[in-house]
Amino acid sequence: MAKIKKRHSAKAGLPPGTLVYLGEEKMQPPRITVIDYDQNTFTEKELSKVQQCFEFKDSPTVSWINIDGIHEVRLVEEIGERFGLHSLVLEDILNTAQRPKLEDFDDHIFIVLKMLTYDEENTTTQAEQVSLVLGRNFVISFQERPGDVFEQIRERIRNAKGRIRKMSSDYLAYSLIDAIVDNYYLILEKCADRIETLEEQLVTEPDEKTLHQIHKLKREFIYLRKSVWPLREVINLLQRSESGLINKSTGIYLRDVYDHTIQIIDTVETLRDMVSGMLDIYLSSISNRMNSVMKVLTIIATIFIPLSFLTGVYGMNFENMPELRLRWTYPVGFWLIIVVVVGLMLVYFRRKKWL
Amino acid sequence: MAKIKKRHSAKAGLPPGTLVYLGEEKMQPPRITVIDYDQNTFTEKELSKVQQCFEFKDSPTVSWINIDGIHEVRLVEEIGERFGLHSLVLEDILNTAQRPKLEDFDDHIFIVLKMLTYDEENTTTQAEQVSLVLGRNFVISFQERPGDVFEQIRERIRNAKGRIRKMSSDYLAYSLIDAIVDNYYLILEKCADRIETLEEQLVTEPDEKTLHQIHKLKREFIYLRKSVWPLREVINLLQRSESGLINKSTGIYLRDVYDHTIQIIDTVETLRDMVSGMLDIYLSSISNRMNSVMKVLTIIATIFIPLSFLTGVYGMNFENMPELRLRWTYPVGFWLIIVVVVGLMLVYFRRKKWL
Amino acid sequence: MAKIKKRHSAKAGLPPGTLVYLGEEKMQPPRITVIDYDQNTFTEKELSKVQQCFEFKDSPTVSWINIDGIHEVRLVEEIGERFGLHSLVLEDILNTAQRPKLEDFDDHIFIVLKMLTYDEENTTTQAEQVSLVLGRNFVISFQERPGDVFEQIRERIRNAKGRIRKMSSDYLAYSLIDAIVDNYYLILEKCADRIETLEEQLVTEPDEKTLHQIHKLKREFIYLRKSVWPLREVINLLQRSESGLINKSTGIYLRDVYDHTIQIIDTVETLRDMVSGMLDIYLSSISNRMNSVMKVLTIIATIFIPLSFLTGVYGMNFENMPELRLRWTYPVGFWLIIVVVVGLMLVYFRRKKWL
Amino acid sequence: MAKIKKRHSAKAGLPPGTLVYLGEEKMQPPRITVIDYDQNTFTEKELSKVQQCFEFKDSPTVSWINIDGIHEVRLVEEIGERFGLHSLVLEDILNTAQRPKLEDFDDHIFIVLKMLTYDEENTTTQAEQVSLVLGRNFVISFQERPGDVFEQIRERIRNAKGRIRKMSSDYLAYSLIDAIVDNYYLILEKCADRIETLEEQLVTEPDEKTLHQIHKLKREFIYLRKSVWPLREVINLLQRSESGLINKSTGIYLRDVYDHTIQIIDTVETLRDMVSGMLDIYLSSISNRMNSVMKVLTIIATIFIPLSFLTGVYGMNFENMPELRLRWTYPVGFWLIIVVVVGLMLVYFRRKKWL
Amino acid sequence: MAKIKKRHSAKAGLPPGTLVYLGEEKMQPPRITVIDYDQNTFTEKELSKVQQCFEFKDSPTVSWINIDGIHEVRLVEEIGERFGLHSLVLEDILNTAQRPKLEDFDDHIFIVLKMLTYDEENTTTQAEQVSLVLGRNFVISFQERPGDVFEQIRERIRNAKGRIRKMSSDYLAYSLIDAIVDNYYLILEKCADRIETLEEQLVTEPDEKTLHQIHKLKREFIYLRKSVWPLREVINLLQRSESGLINKSTGIYLRDVYDHTIQIIDTVETLRDMVSGMLDIYLSSISNRMNSVMKVLTIIATIFIPLSFLTGVYGMNFENMPELRLRWTYPVGFWLIIVVVVGLMLVYFRRKKWL
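Residue numbers here run from 1 along each chain, matching the order of that chain's written sequence. Lettering of chains starts at A and numbering of ligands starts at 1, both following the order in which they are written. Local features in this predicted model are restricted to residues whose pLDDT is 70 or higher, and side-chain atom pairs enter the listing and the counts only when it is 80 or higher, whereas totals over whole chains, interfaces and linings include all residues.

Quick notes on the overall build of chain A
Move 1: By the criteria applied, helices consist of DSSP H or I runs no shorter than four residues and strands consist of E runs no shorter than two, each listed in order from the N terminus. Within chain A, the secondary structure is distributed over eight helices and seven strands.
Move 2: The C-alpha atoms of chain A give 34 Å as radius of gyration, which overshoots the globular expectation for 355 residues (20 Å, by more than 25%).
Move 3: Along the first, second and third principal axes, the C-alpha atoms of chain A reach 120 × 45 × 30 Å.
Move 4: Counts of 20 or more other C-beta atoms within 10 Å of a residue's own C-beta define buried residues, counts of 12 or fewer define exposed ones, and intermediate counts define partly exposed ones; C-beta atoms are placed from the backbone. Counting all 355 residues of chain A, 42% fall into the buried class. Both definitions apply: the radius of gyration is a C-alpha atom measure, and the globule rule equals 2.2 Å times residues to the power 0.38.

Here it is, written out as structure tokens:
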């Protein structure tokens, strides 16, 4: 929710295209790395100045420029100017509360995605916005902070594994998207794990903590859905891009990642259904326990209240109570009545299935 | 709800196009201001007579005529006549219960929007209808009362900040819409704040007041949705307007504000989901508390009712009760039974997880 | 519901086009009135014979023939024959359980609408079916009974107010539809009033009567929706009619009434949401009251049951109970214990927020 | 449900087009009747051999061949062969768990419908599958058992009533569909009756039987919906059939029956909504009754438990209890306290609106 | 759920097209069988080496190559290479968590389906992924493990029963799909059986086990829906395939299986509705039982608490209690009061319908 809160208030009313960083505060300086390759050559370096990356714009090799940290507005602005990005695109890059979207320009495609990572410590899902600019011979990726799910892609490029070194920039963009989408499966697995644990708790000993965990999970699914649903449209638009940047041979890979997206949406909906079902079970288990509490009370009260009345009767101080004087009324008669009454009650309760 | 109530009864049956003000009563006289500008010139003045604004109709500079207060029907009518607005358009301007809509005429575009502002004092959202008429070189904006979210746009025009002074009237109209839409974020942030507060209350001490606040929030979202959903369609229509009033270069800005609208709708739906979830939690916390109340009652009753029976037994006045005469039955036997029974009960309750 | 019940059983199995009146029994004879006008002339008369209205079919002036009471099948049949209406159209006119619909013929358009009026006495909404036949120079309107919402239109025609006298028959048809739609606002205002009253009851003293009123309102909305939803489609079809009967200048008025319909649907849905919300509040207020009842019981029982046990103990007749003989046990010790126990209990209850 | 259960297990794995009867067991032999007519001639006869009906295939008169009982697979097969029906069509005829559907062949149209009849005795709705084959000059109707809703159509043909004798086979097919659809109104009326009865029960004395009847009704609506919803599509397809079998003049009748279908769907949804509303009322009336039970218990307990404590106090056997010895404590003091306590309690309960 | 859990973690980050088996561990070696036939010839054999099946690729006869067990990645890869399958297709075959889908290539169609089988022992539904590759003269089917629902198809081919031997490979593919779809009916019948059993339990003696079975059933329907809904689209795509592999004569069979799919979806939704209804009944039966428990408690307490008060009164030790000394107060007066009070209470309870 903090996401919703901290955002736009700082920005409302500024002219469109004004660049303001709308993410969390970050102190570390941004880090720029470039991986430049074609089938035969390969260079990887970290740049200290943003100007160093401009040379890669028109080089015939595929260049992947990655920026970790977008809180230095000036840096983003310079890249934007040099690579010909619209000021609204730059605004979107800086506004980390974007929903996934794609914008198709003549000479580049702009894509916003949500990269989800699972934080084991706090058992929560962390979201980070990744903006991709796909140009003729380059891909620029903007990330909020260091650390991403692209390490294996870098490995593949370094070692010329798979077909990535033979393909052009659109395949690189696809690979990045694919890595992000693949990672959603991990999140879903974690969620499925937590659902399983919760279900066991539901059967054994549900308490208010269970309820709050169900609720927390439900809320995470709300967020997950928000990240995943628009993704479908994004990939769909990418497939049908008219910019000429997407080669036909990449089409089948995009269809594949599209299928994955559908599958993830499907799974999210299924898990959501499961969580809803758990809420029903939780509520009816509360009712059931209330029922059993009430039964205990009723059984005890129903047995002893009449008996107490009886003891009350013979505790009265009337002078003329002949029963009190008979020898066997207490040791035999009284206890016999008690036993019979209790017996009848028990039979009654058993017939009512309360015992 | 007052909105729904006070409205149309005054109007039903009148011929279409009859101009009747359907808003709240207002005593202040309307206020007309004009901002007239192009890249080089800039004029801003407040007009005392409505006729003074007619000259701006055909001037080549961009003119923004703003009317605060639409309860003087004659004023609206005169503007309508002079600027060639259809009588139904005028009717829509005066009827402040319109839903957001756009109508595309040959030489002007008519847009109705809802400007929401947050009233800190009463913690409620205030709605005001803003009607825009976008012509070739002018924008007329009708507001219900003074005070709006356009102050920063005025500043930008005055100081020639951003690109607004270089653009034509469609960009001005876009800027006004953008300002209204941006302000929705503020409303949503306030709502998110209130949800957060309510959630804390839910965990610590939910009472009926919490329920009523949840309900109030729910109702505000109903209203918010009504304001935001049609907006999407409005901006969509504006993008695809065939009037020739929308320049191609404004298109990308409209797409941007369209994206914002989608994002706001998304957030409204998310917050609504959260509020619904809170209701579930509230209801089950009531059940839980009932449960714990019942448990206390049952524990007390189940322990003491049988014991009371025992005291009842030895309070009876039978003459032949040998136990009463033994020396240690009371100080040892009786209290031993009490302790054993209580102990067994406690073990039983602990096993049932009631303690 | 009577609507659903009394209807079609009488009709099932008859050949299509068989004319049977399917409304409530009516004893009054039907009443036929004609208003005939153009820009310069105006005639209004009540006809005693149906044949008298045939002359208006081909007159160049606009003729509005209104029939109050459609239970005389023969009358409807004669009009149908003379004005060239299909037998299925006549069947639809007589069957007062139609849903709003429009049928486009070559030389006339047939429209079915629901006219709702609010019955103050019984606080219920009354529905009456109005069938319109729009021809080149005439409009025929069939109503179930006298009394309608068209009086102000008649006034306007009589007094040549507004543009109605200058326009042709399509504008008259539009005016009738507009009057019916405008009247829905009144119904909605009444509903909103009732919702407001109910909400106050909900906060102060909800009882089963409140529930039944919520339920009644809910049911009225079901009916209202059924009347309003298809209306949208009807007006949409009317706008796009290919019969050539709708002049272009009427188009904008139809768009206006279309907007009203959308707004009414919107409001109906909003009010429905509110009523649903009220049901939630009602249910949770029942739970809350149960909770408070249980708390009272539990507090009383939890305080007094242990104390009663104590009195039971000292009411026992054991011979060896040394406490009974000490001088201060009763006036000091006993009451001290009572006070301490009660005090602890009260502290406990306050800590649990039950007091 | 039996429908779902008994079916496909017998069939799974057989080659497509294998004819197996999938309905209930029937012992009566099938019955074949033919009605053959044009404007001037009319023949009606019962056939003993299936071969007798083949001659009607190419006769220029309209022939309606009706088969009651489809459990003799061979019979259906022979008709199929002779009239050129695809083996999958025959399979569909025999499989009585079909949903309503239409298949358009070059020279015939195949339609499956559900004929519902109301069984007064068991207050349940009976469904029977009717398959129609509409050819150039013939209609073949397959029914599961004798008894149908077509008797009035036969009468009309016999007596040349209405326009049926003048029309061709498509009008006959329409008439059969119309008869089936008209009959749905009867079913709905019965359901509406039952809803009304249930509603009265809900107000006066709801018990578990009411709940089970609500549930039964709900389930019937599930089935009804399944029968009616696809019908809309069927009639729609029939209207737009490209086989050339549907004359233009029949179009308006089909549109009429289409409207009826929409109206039935509408009514089914409305009644479903009502039944759902009843469930809400039932559940909250249970809660209300629980509430009133609890109140009685609480009032009794709250009044008498403190009083019993008091009697307990003065039933104790302490030697030093000076109150016991005073003359007026019992007849005056004690009873005064009792009256005062009871009085205060009653005031308290009245203030809480429990009495 | 295990399905969701074990999957993609192993895979995330690998280059697309990397073949990793994502199913359960399997130790048995895969088994390859080939059935090769045309109208006149028929061969069936089990292959020991995968290379043996390559010869069937271009043979003019229809070849059905079936692989049971896909955990040997190398095997799948070799088939893929030889039959020209895309590496993403191979990936999909190995990933057994696919949703049903169809991909249309120039010279082959790739289909993924879910084969459901009912496990009588554990009363659960088992899912197995079946991937089909339909080529010009061959069909390759990949299954997760031995055992399938195709045995009757094999019989039909062996015995030249039905038209299968006369048709080409598309008909074989259709037959396999049809067999899988037909088997869904069996699953639904089992579910319907279980629903029926549960409903009886609901009426007689619902307990928490019933709830858990309802929940289990609900969850199976979630899974069933996921398998069936995309199937509709798959068959739809197959019907409209542009590969030229689907002969026109097979079209009607596909339409038939399409209808079955719709019917199955319909039934799944109906059964889901039923299960939801059962949950409502379960919940209200819990409430009802709570109600009856409370009534018993209240009746007992309401009768005996006042009586106990009375015995308490006459158990007090006041010296001046004249009633105690009268001769008939106890045997007559006291018991009379008891009888009268109990009688009045019983009348009251009967009037309140509690007895």
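And the narrative resumes.
Concerning the sheet that holds strand β3 (residues 62–68) of chain C
All names here are of chain C.
Move 1: Taken in spatial order, the seven strands make up an open sheet running β2-β1-β3-β7-β6-β5-β4, and their pairing is mixed. Of all strands in the sheet, those bounded by a partner on one side alone are β2 (42–47) and β4 (101–104). If you compare each strand with its neighbour and ignore which way they point, the axes differ by 20° on average. In this analysis, strands are considered paired if DSSP registers two or more bridges between them. An axis is simply a line fitted to the C-alpha atoms; with a helix, the fit covers only the stretch in contact. Between two such axes, the angle follows the N-to-C directions and lies from 0 to 180 degrees.

Section: the relation of the copies chain A and chain B
Move 1: The copies are overlaid by a least-squares fit using only the C-alpha atoms of residues whose pLDDT is at least 70 in both copies. When chain A is fitted to chain B, the residual RMSD is 0.1 Å, and the transformation amounts to a turn of 72° plus an axial shift of 0.0 Å. The two molecules are tied by a five-fold rotation axis, judged by turn and shift. Taking the C-alpha atom as reference, chain A places Gly315(A) closest to the rotation axis, 4.7 Å from it.

Regarding the environment of Phe304(B)
All names here are of chain B.
Move 1: On the secondary structure map, Phe-304 appears in helix α7 (residues 248–313).
Move 2: Residue Phe-304 is classed as buried on the basis of its 26 C-beta neighbours within 10 Å.
Move 3: In this structure, the C-alpha to C-alpha distance between Phe-304 and Ser-241, residues 63 residues apart in sequence, is 81 Å.

Comments concerning the interface of chain A and chain B
Interface size, as often reported, equals the accessible area lost upon joining of the parts.
Move 1: The interface of chain A with chain B comprises 49 residues on the first partner and 56 residues on the second.
Move 2: Among the secondary structure elements, those contributing two or more residues to the side of chain A that touches chain B are α1 (2–6), α6 (208–239), α7 (248–313) and α8 (329–351) of chain A.
Move 3: With 17 residues, α7(A) is the single largest residue contributor to the side of chain A that touches chain B.
Move 4: Split by residue class, the side of chain A that touches chain B holds 26 nonpolar, eleven polar and twelve charged. Contact between residues is assigned whenever the C-beta positions, reconstructed from backbone atoms, fall within 7 Å. Residues are sorted three ways: Asp, Glu, Lys and Arg are charged, Ala, Val, Leu, Ile, Met, Phe, Trp, Tyr, Cys and Pro are nonpolar, and all the rest, Gly among them, are polar.

Structural notes on helix α8 (residues 329–351) of chain D
Move 1: For a helix, the expected span equals 1.5 Å multiplied by the residue count minus one. The end-to-end C-alpha distance of α8(D) is 31 Å, a good match for the 33 Å that 23 residues give at a rise of 1.5 Å each.
Move 2: At the C-terminal side of α8(D), Lys353(D) shows a positive phi close to 65°.

Regarding the domain arrangement of chain A
Move 1: Assigned domains within chain A: domain 1 (2–284) and domain 2 (314–351).
Move 2: Delimitation of the domains relies on an automatic or database domain assignment. Centre-to-centre separation of domain 1 of chain A and domain 2 of chain A, based on C-alpha positions: 80 Å.

Considering the packing of α7(B) against helix α7 (residues 248–313) of chain C
Move 1: Two numbers describe how α7(B) lies on α7(C): the axes approach to 9 Å, and their chain directions differ by 20°. Comparing their axes, α7(C) and α7(B) come out roughly parallel. The handedness of the crossing between α7(B) and α7(C) comes out as left-handed.
Move 2: Grouping the constituent residues of the contact of α7(B) with α7(C) by class yields 21 nonpolar, eleven polar and three charged. Each angle receives one of four descriptions, namely roughly parallel if under 35 degrees, roughly antiparallel if over 145, roughly perpendicular if within 65 to 115, and oblique otherwise. The crossing is said to be left-handed when, going from far helix to near helix, the turn is anticlockwise and less than a right angle, and right-handed when the turn is clockwise.

Quick word on the pairing of strand β6 (residues 124–134) of chain C
Residues and elements named next belong to chain C.
Move 1: Judged from the eleven bridges that link them, strand β5 (residues 109–119) and β6 form a sheet pairing that is antiparallel. Bridging from a neighbouring strand, Ile-111 pairs with Leu-132 of β6.
Move 2: Between the end of β5 and the start of β6, which pair antiparallel, lie four residues, with Thr-123 showing a positive phi angle near 45°.
Move 3: Two strands pair when backbone bridges link them, and β6 and strand β7 (residues 138–143) are joined in this way by five bridges, in the antiparallel orientation. The residue of β7 that forms the bridge with Val-133 is Ile-140.
Move 4: Hairpin geometry of β6 and β7 is characterised by an intervening segment of three residues between the two adjacent antiparallel strands.

Notes on the sheet that holds strand β2 (residues 42–47) of chain B
Residue and element names in this part refer to chain B.
Move 1: Ordered in space as β2-β1-β3-β7-β6-β5-β4, the seven strands form an open sheet in which the pairing is mixed. Either end of the sheet is taken by a strand with one partner, and the two such strands are β2 and β4 (101–104). Strand-to-strand twist of the sheet, defined as the mean angle between neighbouring strand axes without regard to direction, takes the value 20°.

As for the packing of helix α6 (residues 208–239) of chain D against helix α7 (residues 248–313) of chain D
Residues and elements named next belong to chain D.
Move 1: Two elements in contact, α6 and α7, have axes separated by 9 Å at closest approach and are oriented at 160°. In terms of orientation, α6 and α7 fall into the roughly antiparallel class. The crossing of α6 and α7 is left-handed.

Things to note about unusual backbone geometry
Move 1: Look at Lys353(B): it is not a glycine, yet its phi comes out positive at around 65°.
Move 2: One non-glycine residue, Ala160(D), lies in positive phi territory at about 55°.
Move 3: In this structure, Ala160(D) sits in the loop between α4 (151–158) and α5 (169–204).
Move 4: Residue Ala160(D) is classed as partly exposed on the basis of its C-beta count, with 14 C-beta atoms lying within 10 Å.

Side note on the pairing of β3(C)
Each regular strand shows side chains that alternate between the opposite faces of the sheet.
All names here are of chain C.
Move 1: In terms of residue burial, β3 counts as a mostly covered element, since six of its seven residues are buried.
Move 2: As defined by bridge partners, strand β1 (residues 31–37) adjoins β3 across seven bridges and the pair is classed as antiparallel. Note that in β3 the partner of Thr-33 across the bridge is Asn-66.
Move 3: Sheet topology note: the β3/β7 ladder contains six bridges and is parallel. The residue of β7 that forms the bridge with Ser-63 is Phe-138.

Describing the confidence of the model for chain A
Residue and element names in this part refer to chain A.
Move 1: As a per-residue quantity, pLDDT reports the predictor's confidence and falls between 0 and 100. When the pLDDT values of chain A are averaged, the result is 87; 95% of them are 70 or greater.
Move 2: α1 is the least confidently modelled element of chain A, averaging 44 in pLDDT, while strand β7 (residues 138–143) averages 95, the highest of any element.
Move 3: For residues 1–7, every residue scores under 50 in pLDDT, and the model assigns this stretch 13 contacts once sequence neighbours within four places are set aside.
Move 4: Two summary scores accompany this predicted model of the complex, namely pTM at 0.82 and ipTM at 0.77.

A word on the environment of Gly162(A)
Move 1: Its place among the elements puts Gly162(A) in the loop between α4 (151–159) and α5 (169–204).
Move 2: Given 19 C-beta atoms within 10 Å, Gly162(A) falls into the partly exposed group.
Move 3: Sequence separation between Gly162(A) and Met278(A) is 116 residues; the distance between their C-alpha atoms is 44 Å.
Move 4: For Gly162(A), the residues in contact, after removing those within four places along its chain, are Arg156(A) and Pro15(E).

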